[in-house]
Amino acid sequence: MNQRRNYGQYCGLAGALDIVGERWTLLIIRELLTGPCRYNELLANLPGLGTNLLADRLKFLTEVGIIRQRPREGSKVRVYELTEQGEGLREAVLVLARWGLGVLTEPKGEYIVRPRWAVLAVEAMAAPTVEGPDEQYEFRIDDDVFHITVHEGKVSVAHGKATTEPALVVHTDAVTFVDIGAGRLDPLEATLTKRIVMEGEEDAIIRCSRLLGLVA
């Protein structure tokens, strides 16, 4: 294993930062939390990260047991995915993402946003349990699709179209979605200006909005 700088402190937080505290590492983990990725997919979704540094980070994360490689199902193409230990970072990343939404300011012109990042944003915003009927809400953000499932009061988020007829379909773009999640754009204003379009019964819209903490 490569010799790397560490904090030299016998502390859980320091130990965690010894592994995930380097620049780009948590963003690589963010990408893999939304699903397995090929090397070139990671490179494309992390603009500004050079190929040599990405290779170095992936090698290290593999060595410490956070990620692994495997063939994509039905293909010889190999993808990176999180191990069980890597999945253990999900809650910590969601807490950081939730906190980070609260400190976002207006994006600069050179800032980049990807629709797939909305999956993690929704998971960060969503309550883990809710009261109400079993149903699904489908989000179509730019060219990406994911859905929320409410089943027996438990909430989960997954890539792809809803597996049943969704109670609500939301159409928007990635910037608008992040603006709403960050509290910089009121959902009502976004609806009136057609930056977001919602197809569904009013009750379903209210339930979904409450689940995401957008209304009381």
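Bear in mind the structure is a predicted one, so any value in this text is a computation, not a measurement.

Bringing the domain arrangement of the protein into the picture now. When the domains of the protein are assigned, the result is domain 1 (12-102) and domain 2 (115-212). Using only C-alpha atoms to locate each centre, domain 1 and domain 2 end up separated by 25 Å. Domain 1 puts 13 residues into the contact, and the matching count from domain 2 is eleven residues. With both sides pooled, the region where domain 1 packs onto domain 2 buries about 1,100 Å², and carbon together with sulfur makes up 61% of that total.

Here we come to the packing of aromatic side chains. Geometry of an aromatic ring pair is reported as the spacing of the ring centres plus the angle between the planes. Considering all chains together, one arrives at two aromatic pairs under this definition. Between phenylalanine 139 and phenylalanine 177, the ring centres sit 6.0 Å apart and the planes meet at 85°, which makes this aromatic pair edge-to-face. With phenylalanine 139 in strand 3 (residues 135-141) and phenylalanine 177 in helix 8 (residues 174-181), this pair connects stretches of sequence that are 38 residues apart. The pair phenylalanine 139 / phenylalanine 177 is uniform in exposure class, with both members buried. When the ring centre of tryptophan 117 is taken as origin, the NZ or CZ atom of arginine 30, which lies over that ring, is 4.0 Å away.

Reading the values: the criteria
- Residues numbered from 1 in each chain as written.
- Predicted model: local features only at pLDDT ≥ 70, side-chain atom pairs only at ≥ 80, totals over all residues.
- Heavy atoms only, no water.
- Domains from an automatic or database assignment.
- Contact = heavy atoms within 4.5 Å.
- Buried area = accessible area lost by both parts, 1.4 Å probe.
- Phe/Tyr/Trp six-rings, centres within 6.5 Å; stacked < 30°, edge-to-face > 60°.
- Helix = DSSP H or I, 4+ residues; strand = E, 2+ residues; numbered from the N terminus.
- Buried < 20%, exposed > 50% of the residue type's maximum accessible area, 1.4 Å probe, protein only.
- Lys NZ or Arg CZ within 6 Å of the ring centre and 35° of its normal.

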